[in-house]
Amino acid sequence: EAQVTQNPRYLITVTGKKLTVTCSQNMNHEYMSWYRQDPGLGLRQIYYSMNVEVTDKGDVPEGYKVSRKEKRNFPLILESPSPNQTSLYFCASSLSDNYNEQFFGPGTRLTVL
Amino acid sequence: QKEVEQNSGPLSVPEGAIASLNCTYSDRGSQSFFWYRQYSGKSPELIMFIYSNGDKEDGRFTAQLNKASQYVSLLIRDSQPSDSATYLCAVFGNTGFQKLVFGTGTRLLVSP
C-alpha cells in the first residue's frame, strides 16, 4: 500500500530534550515536506527536500533541522524543543514539486512541557 | 494581508444542497491551486487541483479559478453529511521558494 508513515504519532516531552520525528514514504517520491498545523494559523511549511541531500527552509524553519540521506526518509529533528513547538506535525511527499500528487502522513501530535 | 484567505466558517448547508467554499490569494504570480479536505484529527487529503482560469469538474466537485480577481472556489453539489470537514485552499506561488501556502480552512457542516 502506497503510504507516508510517521513515528511517533503522539509525543509528550520536556523543554530541551532532543527528539526526532521520523517520516518514511514507499512511493519513490522525490519531494518531501514537513508542516506544522496550529489553530488559526493553518498549515505552515517547515522544511522541504527536492531530493537526496537537497533540503531548504520553508516558512517556519527556526528550531528545526532535517536531513535527507535516503530517498524514502525525511526525519524532523528538534534539538532543543520549546513549548512554542507544541503542534500537530505532518510529513508529506509528492512525485515532484508541483504538488498535484501530494500525500500526507497521519500526523504527529507533539506536546513540549 | 494573509497570502491565502478563507472564511473560517462554519458554513452550514442542508443535505443535498450546493456548498460553496471561497478562497482569495495575494500573490498575482501564483500558478497552481489546490483544495484539500481534512477531517477532524486526520491528515489533509487532496480533492481537486486547478491551473487554468475557468471551471474544472470532478464528480460532485467543481473548482473555479479567476486569476484576474485572485479568487478560487470549490463547489460541492448534492452535499452529504460525510462531506462535513474542514476544506483547505492551497496556492503554489511564483516566489522561487517552491512552497505551497495554505489558508486556514473553512469548516463545512452538512446537516441531514
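Residues numbered from 1 in each chain as written. Chains lettered and ligands numbered in written order. Predicted model: local features only at pLDDT ≥ 70, side-chain atom pairs only at ≥ 80, totals over all residues. Heavy atoms only, no water.

> Can you walk me through the side chain of Gln 25 of chain A in this structure?
Residue and element names in this part refer to chain A. Note that Gln 25 resides in strand E3 (residues 19-25). A distance of 3.0 Å separates the side chain of Gln 25 from the backbone nitrogen of Met 27, its partner in a polar contact. In this structure the side chain of Gln 25 is engaged in a polar contact, spanning 3.1 Å, whose partner is the backbone oxygen of Lys 71. Discounting residues that sit within four places of it in the chain, Gln 25 has contacts with Gln 3, Val 4, Met 32, Arg 68, Lys 71, Arg 72 and Ser 93. (Helix = DSSP H or I, 4+ residues; strand = E, 2+ residues; numbered from the N terminus. Polar contact = N/O pair within 3.5 Å; in protein donor to acceptor, adjacent residues only side chain to side chain. Contact = heavy atoms within 4.5 Å.)

> For this particular structure, what's the right way to read a nonpolar patch on the surface?
A cluster of nonpolar side chains, Ile 12, Val 14 and Leu 113 of chain A, forms an exposed patch at the surface whose accessible area comes to about 320 Å². With a relative accessible area of 60%, Leu 113 of chain A lands in the exposed category. (Patch = residues over 30% accessible without salt bridge, like charges linked within 9 Å, V, L, I, M, F, W, Y side chains within 5 Å. Areas by Shrake-Rupley, 256 points an atom, 1.4 Å probe, with all protein chains shown as cover. Salt bridge = Lys/Arg side-chain N within 4 Å of Asp/Glu carboxyl O. Buried < 20%, exposed > 50% of the residue type's maximum accessible area, 1.4 Å probe, protein only.)

> Help me understand the interface of chain B and chain A, please; the structure alone is not making it clear to me.
By a frequent convention, interface size equals the accessible area lost on bringing the separate parts together. Contacts between the two partners involve 19 residues from chain B and, on the opposite side, 21 residues from chain A. At the boundary of chain B with chain A, total buried surface from both sides reaches about 1,600 Å², with 53% on carbon and sulfur atoms. Applying the counting criterion to the chain B and chain A interface returns 0 salt bridges. Inspection of the region where chain B meets chain A yields 3 residue pairs in polar contact (both at pLDDT 80 or more). Where the side of chain B that touches chain A is concerned, the elements lending two or more residues are strand E4 (32-38), strand E5 (45-50), strand E9 (85-92) and strand E10 (100-102) of chain B. With 3 residues, E4 of chain B is the largest single contributor of residues to the side of chain B that touches chain A. Among the residues forming the side of chain B that touches chain A, the class breakdown is 11 nonpolar, 5 polar and 3 charged. (Buried area = accessible area lost by both parts, 1.4 Å probe. Nonpolar A, V, L, I, M, F, W, Y, C, P; charged D, E, K, R; others polar.)

> What is the right way to look at the packing of aromatic side chains in this model?
For any pair of aromatic rings, geometry is given as the distance between the ring centres together with the angle between the planes. Residues and elements named next belong to chain B. Tallied over the entire structure, the rule returns 11 aromatic pairs over all chains. Ring geometry for Phe 34 against Phe 49: centres 6.3 Å apart, planes inclined by 40°, an arrangement best described as tilted. Here Phe 49 lies in strand E5 and Phe 34 lies in strand E4, a separation of 15 residues in the sequence. Its relative accessible area of 0% is what places Phe 34 among the buried residues. Lying over the aromatic face of Phe 49, Lys 56 brings its terminal NZ or CZ to 3.6 Å of the ring centre. A cation over an aromatic ring shows up here: Arg 60 above the ring of Phe 61, its NZ or CZ 5.5 Å from the ring centre. (Phe/Tyr/Trp six-rings, centres within 6.5 Å; stacked < 30°, edge-to-face > 60°. Lys NZ or Arg CZ within 6 Å of the ring centre and 35° of its normal.)

> Sorry, what's going on with unusual backbone geometry here?
Note: most peptide bonds trans; most residues except glycine with negative phi. With an omega of -5°, the peptide bond running from Asn 7 of chain A to Pro 8 of chain A counts as cis. Summarising the element assignment, Pro 8 of chain A is placed in the loop between strand E1 (4-7) and strand E2 (10-13). Along the chain, Gly 9 of chain B connects to Pro 10 of chain B via a cis peptide bond; the corresponding omega equals 10°. Structurally, Pro 10 of chain B is set in the loop between strand E1 (4-5) and strand E2 (11-14). Backbone geometry at Asn 28 of chain A places phi at a positive 60°, although glycine is not the residue there. In this structure, Asp 78 of chain B takes a positive phi of about 50° despite not being glycine. In this structure, Asp 78 of chain B sits in the loop between strand E8 (71-76) and E9.

> Which parts of the structure should I look at to understand the state of the cysteines?
Think of a disulfide as a covalent bridge from one cysteine sulfur atom to another cysteine sulfur atom. All told, the structure shown has 2 disulfides over all chains when counted by the stated rule. Paired through a disulfide, Cys 23 of chain A and Cys 91 of chain A show a sulfur-sulfur distance of 1.8 Å. Linking Cys 23 of chain A and Cys 91 of chain A, the disulfide has an S-S dihedral of approximately -70° and is accordingly described as left-handed. Linking Cys 23 of chain A in strand E3 with Cys 91 of chain A in strand E9 (residues 87-94), this pair joins segments that are 68 residues apart in sequence. With respect to class, Cys 23 of chain A is no different from Cys 91 of chain A; both count as buried. Bridging Cys 23 of chain B to Cys 89 of chain B, the disulfide has an S-S length of 2.1 Å. Judged by the sign of its S-S torsion, about -70°, the bond between Cys 23 of chain B and Cys 89 of chain B is left-handed. Of this pair, Cys 23 of chain B sits in strand E3 (residues 19-25) while Cys 89 of chain B sits in strand E9, and the two are 66 residues apart along the sequence. Cys 23 of chain B gets classed as buried once you look at its relative accessible area, which sits at 1%. (Disulfide = S-S within 2.5 Å.)

Scope: geometric values only; no functional claims are made or implied.
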